[in-house]
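So the chains spell out like this:
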Amino acid sequence: MTTYNDYLKQIEERKDQGLNPQPIDGAELLSEIIAQIKDVNHEHRKDSLNFFIYNVLPGTTSAATVKAKFLKEIVLGESLVEEITPAFALEQLSHMKGGPSIEVLLDLALSDNVEIAKQAAEVLKTQVFLYDADTDRLENAYKAGNAIAKDLLESYVKAEFFTKLPEIDEKIDVVTFIAGVGDISTDLLSPGGDAHSRSDRELHGQCIFEHNKEQQNELKALQAKHPDKRVMLIAEKGTMGVGSSRMSGVNNVALWTGIKASPYVPFINIAPVIAGTNGISPIFLTTVGVTGGIGLDLKNWVQQKDEEGKTIVDADGEPVLKEVYSVATGTVLTINTKEKKLYKGDTVLKDISDAFTPQKMEFMKAGGSYAVVFGKKLQTIAAKILGVEAPQVYAPSKEISVEGQGLTAVEKIFNKNAVGNTPDKVLHAGSDVRVEVNIVGSQDTTGLMTSQELEMMAAKVISPIVDGAYQSGCHTASVWDSKSKANIPRLMKFMNDFGLITGRDPKGKYFPMTDVIHKVLNDITVGDWDIIIGGDSHTRMSKGVAFGADSGTVALALATGEATMPIPQSVKVTFKGEMKSYMDFRDVVHATQQQMLKQFGGENVFQGRVIEVHIGTLTADQAFTFTDWTAEMKAKASICISEDDTLIESLEIAKGRIQIMIDKGMDNDKQVLKGLVEKAETRITELKTGIKPALRPDANAKYHAEVIIDLDEIAEPMIADPDVNNDDVSKRYTHDTIRPLSFYGGTKKVDLGFVGSCMVHKGDMKILAQMLKNIEAQHGKVEFKAPLVVAPPTYNIVDELKAEGDWDVLVKYSGFEFDDSAPKGLARTKYENMLYLERPGCNLCMGNQEKAEPGDTVMATSTRLFQGRVVKDDGEKKGESLLSSTPVVVLSTVLGRTPTLAEYEAAVDGIVLTKFKPSTKQLVR
């Protein structure tokens, strides 16, 4: 059986799913296809030609290497293919995005064949994905007197690869399509349960709208009715793309509504048009920019104000909204990119300047942000080689500097890490900045796309300026099924070869680790001035400033060691009062959101901004609980301001955990982990000696808003409720409905509890163990009236619990304990009323493998309450995921219902919950 025959068999199988042939990325298959093309009498020659021309993935795939070499043979006349002329071969090379195609084009351009050299040079002038080896060849040829090399470098200095591109259309006609009412989670666009198929773009595209064929057909019908217009996907009365960056979500929208990126690259579309009443979630908007798309903040519903300018609220205290203009499905609108206005006919509906900044328009012109990033880099390198000053081609970075104004914490970090801005110029919020990245994280359900993006941009090794990077296996930890077995080892090998520390060792030297990525990144971040980029919305650290990002931005950070973004505005959060002994710090987290909304009349001032939280006295694990939740507050990022002693304690903890990773054999040849330990030791010395105190904002820094959280007001546990039956659909499944425990009157039935996800730490596991001992002491036994699923976030925590005796307590009361030697091969669909000790990882919070039973009411410590994420609806009842502290979850499963406040206080009596007293020190400079 040949590889090609296997491919034909796969094609037939895909036909049954309504799919086209899968794009080719393997050298063996393409080599066989090329042999069939050369055989003019071969029965499969015609199909082989089509596969070769139209169905091969570009970049650094092994298939791309084979294709580039064959195209080179055709250009040189060494192979004759009637259907592929030398000119057509060069055109295909121009669409292959770097790597082997650049190597071939340079071979041709620097050859002695003058005519071919000139033709190849013209193609090279359109390319931007050149790496050091490529520019080194050009530099050497130029210094040797090669005229073509000189011509190429001069073209690159002028950035003709950008300037000669067509301008974006002045008018873009769109037809609206309401994808949903209220906040739209990226789960609607790319469900977590379909994570396994994300790297197969056509297959994954079938899951948009959570496989709702009726909605998909409605979209197709709209496109058929308006073939000359682009579809604008809208979140009505909500924000589009909350929850995560999810490149696969943008890919799906682009696949259905966007523009084909290249005629020779299958199923890669770009430039979708996406909108929301409250705009686009910040990290999702970054992903839209990766594809050169358009993201609009419609503001077509606005809060009503009284004569004093105060927000008018209804009987439930919710702001009253009024429709300013309609964007009902089928409405035809025009985006004027020159005037930067949204029109309906001749009527201006909205100024949309924010969507058409000079930088965003460059992304649109170039077909995405990658081309701009690499283009700027190539222009700079070429200018350096020629010894000239590069002309101003790209829009100058906006540089905002306010004399006499201090810096917020994020402004300080960005100024320290900035590259390419005006030397010695102090930059404030709103400035556009390229920054060097210290730590990068890739998780397993987006990692396959990140690896594809790295191949597409022809990157082969991690940037040397990155301090450390980690590839996790946490999102597929629950079930080691056939999909995981096929995808995860392949991903781990790619990332390990690329230079990342990987949770799974391709060589099998250390045991596979499924630790939650955010926890690992929190440990390996050992600089309070660091910038962290991670492939998940919960990339929020207790040290430095971290940004959740799409798989492409992660790839870019890995390949270049840089990220580009405006310096965000900040909101300062401070605390007063005293935390009650029976309260958990999770309650402080929820109360922060509740009190902020109350203070600002329902307006979420956190959205799109950095929350600068003056915690001061909490070490890394506990402080992470706060920063982690800021993703649900819709913040762009968060920064914890710590006292020096607290930061030292956190760094000592990090050192110990990194050393454990080293002891397990997880370090690589470059000894990245050892380098992080040394960096932590240096920082501790700086703190102890006072050479460089912990990061502080300036006393005269300017904030968008300041929020003061009164701990005295937090009198009982707080619960984030999805409010699934709210009459206003737009109010459902937001994280803004925060309710006290007493709201439920001790009567709300709970069907399942979950203690796990990145929101819990070792302290939560110890609280669980102590509660179980207390319950047995009080009642003679522990009996669960609802299942309790427990997933520790890391193996380190499990090891520490075993050493301290707490794990034995959990095992004693459990009915199931994970077994790494025989991990589950099937997702659990039914639960008994007992304690399940699951493998470390994301588990129910991710919702791609394990879920609660449909229609369940779940009480969880996790972060996600979106519809269908943790639990689906059934025919009779909506599934709902209420989010609360570990003690509330545990007690709810023992009782089978929400506890009363009295029951709760009795259950936690004598248990040391998180002690939190606000710092009394000045946490400013």
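Now for a description of the structure that goes with this document.

About the thresholds
- Residues numbered from 1 in each chain as written.
- Predicted model: local features only at pLDDT ≥ 70, side-chain atom pairs only at ≥ 80, totals over all residues.
- Heavy atoms only, no water.
- Helix = DSSP H or I, 4+ residues; strand = E, 2+ residues; numbered from the N terminus.
- Rg over C-alpha atoms; globule rule 2.2 N^0.38 Å.
- Buried < 20%, exposed > 50% of the residue type's maximum accessible area, 1.4 Å probe, protein only.
- Contact = heavy atoms within 4.5 Å.
- Lys, Arg positive; Asp, Glu negative; His and termini not counted.
- Charge placed at Lys NZ, Arg CZ, Asp CG, Glu CD.
- Pairing = 2+ DSSP bridges.
- Phe/Tyr/Trp six-rings, centres within 6.5 Å; stacked < 30°, edge-to-face > 60°.
- Lys NZ or Arg CZ within 6 Å of the ring centre and 35° of its normal.
- Core = buried A, V, L, I, M, F, W, Y, C linked by side-chain atoms within 4.5 Å.
- Axes fitted to C-alpha atoms, helices over the stretch in contact; angles between N-to-C directions.
- Expected span 1.5 Å × (residues − 1).
- Arc of directions from axis to C-beta.
- Parallel < 35°, antiparallel > 145°, perpendicular 65-115°, else oblique.
- Left-handed = near helix turned anticlockwise from the far one by under 90°.
- Nonpolar A, V, L, I, M, F, W, Y, C, P; charged D, E, K, R; others polar.
- Salt bridge = Lys/Arg side-chain N within 4 Å of Asp/Glu carboxyl O.
- Disulfide = S-S within 2.5 Å.
- Polar contact = N/O pair within 3.5 Å; in protein donor to acceptor, adjacent residues only side chain to side chain.

Details of the overall build of the protein chain
Then step 1. Helix and strand content of the protein chain: 31 helices and 33 strands.
Then step 2. For the protein chain, the C-alpha radius of gyration of 28 Å lies close to 29 Å, the compact-globule estimate for 925 residues.
Then step 3. Each principal axis of the C-alpha atoms in the protein chain carries an extent, and together these give about 90 × 70 × 65 Å.
Then step 4. Here the protein chain holds 925 residues, and 62% of them are scored as buried.
Then step 5. In the protein chain, of all internal contacts separated by at least 6 residues, the share reaching a separation of at least 24 is 73%.
Then step 6. Taking the average location of the 104 positive side-chain charges in the protein chain and that of its 129 negative ones, the two points are 1 Å from each other.

Remarks on the sheet that holds strand S16 (residues 439-442)
Adjacent strands of a sheet form backbone hydrogen bonds with each other and so pair up, either parallel or antiparallel.
Then step 1. An order of S18-S17-S16-S19-S20 is seen for the five strands of this open sheet, with the pairing classed as parallel. The sheet is open, and its two edges are formed by strand S18 (501-502) and strand S20 (545-548), each paired on a single side.
Then step 2. Note that S16 and strand S19 (residues 531-534) share three bridges and pair parallel. Note on S19: the bridge partner recorded for Gly441 is Gly534.

Focus: the packing of aromatic side chains
Then step 1. Here the structure, examined in full by the defined rule, presents 21 aromatic pairs.
Then step 2. Measuring from centroid to centroid gives 6.5 Å for Phe585 and Phe626, while their planes differ by 45 degrees, and the two rings are tilted. Separated by 41 residues along the polypeptide, Phe585 in helix H23 (residues 585-599) and Phe626 in helix H24 (residues 620-629) bring together distant segments of the chain.
Then step 3. With a relative accessible area of 0%, Phe626 lands in the buried category.
Then step 4. Residue placement shows Lys237 over the ring face of Trp301; its charged tip is 4.7 Å from the ring centre.

Points about the nonpolar core
Then step 1. Tyr470, Phe575 and Ile615 are the most contacted members of the largest nonpolar core, which totals 124 residues.
Then step 2. Residue contacts for Ile615: discarding those within four places in its chain leaves Phe575, Phe585, Ala623, Phe626, Cys640, Ile641, Phe916 and Ser919.
Then step 3. Within the second largest apolar cluster, 114 residues are counted, among which are Val66, Met96, Tyr370 and Ile639.

Some thoughts on the pairing of strand S13 (residues 347-351)
Then step 1. Alignment of strand S12 (residues 341-344) against S13, held across four bridges, turns out to be antiparallel. Note on S13: the bridge partner recorded for Leu342 is Lys350.
Then step 2. Between S12 and the antiparallel strand that follows it, S13, lie two residues; Gly345 among them carries a positive phi value of about 65 degrees.

Quick notes on the sheet that holds strand S23 (residues 610-616)
Then step 1. The four strands lie next to each other as S24-S23-S22-S25, forming an open sheet whose pairing is parallel. Looking at strand neighbours, the two that pair on one side only are strand S24 (637-642) and strand S25 (705-710), the edges of this open sheet. On average, each strand axis in the sheet is tilted by 25 degrees relative to the strand beside it, whichever way the strands run.
Then step 2. Direction of pairing for strand S22 (residues 570-576) relative to S23: parallel, over a ladder of four bridges. Paired with Lys572 across the bridge in S23 is Glu612.
Then step 3. Sheet strands touched by helix H18 (residues 409-417): S22, S23 and S24. Its angle to S24, the strand with the most contacts, is close to 100 degrees.

Some words on H24
Then step 1. With ten of ten residues buried, H24 is to be regarded as a mostly interior element.
Then step 2. Of the positions making up H24, those classed as buried are Ala620, Asp621, Gln622, Ala623, Phe624, Thr625, Phe626, Thr627, Asp628 and Trp629.

Notes on unusual backbone geometry
Then step 1. Of note in this structure, His211 is not a glycine but carries a positive phi near 65 degrees.
Then step 2. Topologically, His211 is positioned in the loop between helix H12 (201-205) and helix H13 (213-225).
Then step 3. Its relative accessible area of 37% is what places His211 among the partly exposed residues.
Then step 4. The backbone phi angle of Asp424 is positive, close to 65 degrees, even though this residue is not glycine.

Description of the environment of Ala121
Then step 1. Within the secondary structure, Ala121 sits in helix H7 (residues 114-124).
Then step 2. By relative accessible area, which is 1% here, Ala121 ends up buried.
Then step 3. When the C-alpha positions of Ala121 and Leu108 are compared, they lie 8.1 Å apart, and in sequence the two are 13 residues distant.
Then step 4. With sequence-adjacent residues up to four places away left out, Ala121 is seen in contact with Ala109, Ile148 and Leu152.

As for helix H8 (residues 132-143)
Then step 1. The terminal C-alpha atoms of H8, which comprises twelve residues, lie 16 Å apart, in line with the 16 Å expected from a rise of 1.5 Å per residue.
Then step 2. Within H8, the full set of buried residues consists of Asp134, Thr135, Leu138 and Ala141. Across the axial projection of H8, the buried residues extend over an arc of 125 degrees, all falling on one side. Structural note: H8 exposes Asp132, Ala133, Asn140 and Lys143 on the side pointing more than 90 degrees away from its buried face.
Then step 3. Each element contacted by the buried residues of H8 is listed here: helix H6 (100-109), helix H9 (147-157) and helix H17 (369-386).
Then step 4. Positive backbone phi, at 95 degrees, marks Gly145, one or two positions downstream of H8.

A short note on the packing of helix H4 (residues 62-76) against H6
Then step 1. It is the contact of H4 with H6, at a shortest axis distance of 8 Å, that shows an interaxial angle of 20 degrees. Judged by the angle between their axes, H4 and H6 are roughly parallel. Note that H4 runs across H6; the crossing there is right-handed. On the side of H4, the interface is formed by Ala64, Thr65, Ala68, Lys69, Lys72, Val75 and Leu76, while H6 contributes Pro100, Ser101, Val104, Asp107 and Leu108.
Then step 2. Broken down by class, the residue content of the contact of H4 with H6 amounts to seven nonpolar, two polar and three charged.

With respect to the packing of H8 against H9
Then step 1. H9 packs onto H8 with a crossing angle of 125 degrees between their chain directions and a minimal axis gap of 8 Å. As summarised for this structure, H8 and H9 are arranged oblique, according to the angle between their axes. Note on packing geometry: the crossing formed by H8 with H9 is left-handed. For the pair H8 and H9, the contacting residues are Leu138, Ala141 and Tyr142 in the first and Ala149, Lys150, Leu152, Leu153 and Tyr156 in the second.
Then step 2. Within the contact of H8 with H9, the residues separate by chemical class into seven nonpolar, no polar and one charged.

Here's the deal with the pattern of salt bridges
Then step 1. Applying the stated rule across the entire model yields 54 salt bridges.
Then step 2. We note a salt bridge from Asp621 to Arg657, for which the minimum N-O separation is 2.9 Å. Of this pair, Asp621 sits in helix H24 while Arg657 sits in helix H25 (residues 644-663), and the two are 36 residues apart along the sequence.
Then step 3. Beyond isolated ion pairs, a larger network of salt bridges with shared partners links Lys762, Lys766, Glu800, Glu804 and Asp806.

Quick notes on the state of the cysteines
Then step 1. Within the structure shown, the criterion is met by zero disulfides.
Then step 2. The closest cysteine sulfur to the non-disulfide-bonded Cys640 is located on Cys758, 14 Å from its own sulfur.
Then step 3. Of all cysteine sulfurs, the one in Cys758 lies closest to Cys845, which takes part in no disulfide; the gap is 5.9 Å.
Then step 4. Owing to a relative accessible area of 8%, Cys845 belongs among the buried residues under this scheme.

What to know about the side chain of Asn522
Then step 1. Within the secondary structure, Asn522 is located in helix H21 (residues 517-524).
Then step 2. For Asn522, the side chain forms a polar contact with the side chain of Ser542, separated by 2.9 Å.
Then step 3. When residues no more than four places from it in sequence are discounted, the contact partners of Asn522 are Met541, Ser542, Lys543, Ala620, Asp621 and Phe624.

Remarks on the environment of Phe374
Then step 1. Structurally, Phe374 is set in helix H17.
Then step 2. The class for Phe374 is buried, based on a relative accessible area of 1%.
Then step 3. Separated by 245 residues in sequence, Phe374 and Phe129 place their C-alpha atoms 6.2 Å apart.
Then step 4. For Phe374, the contacting residues outside a window of four places in its chain are Val128, Phe129, Tyr131, Met457, Leu556 and Thr560.

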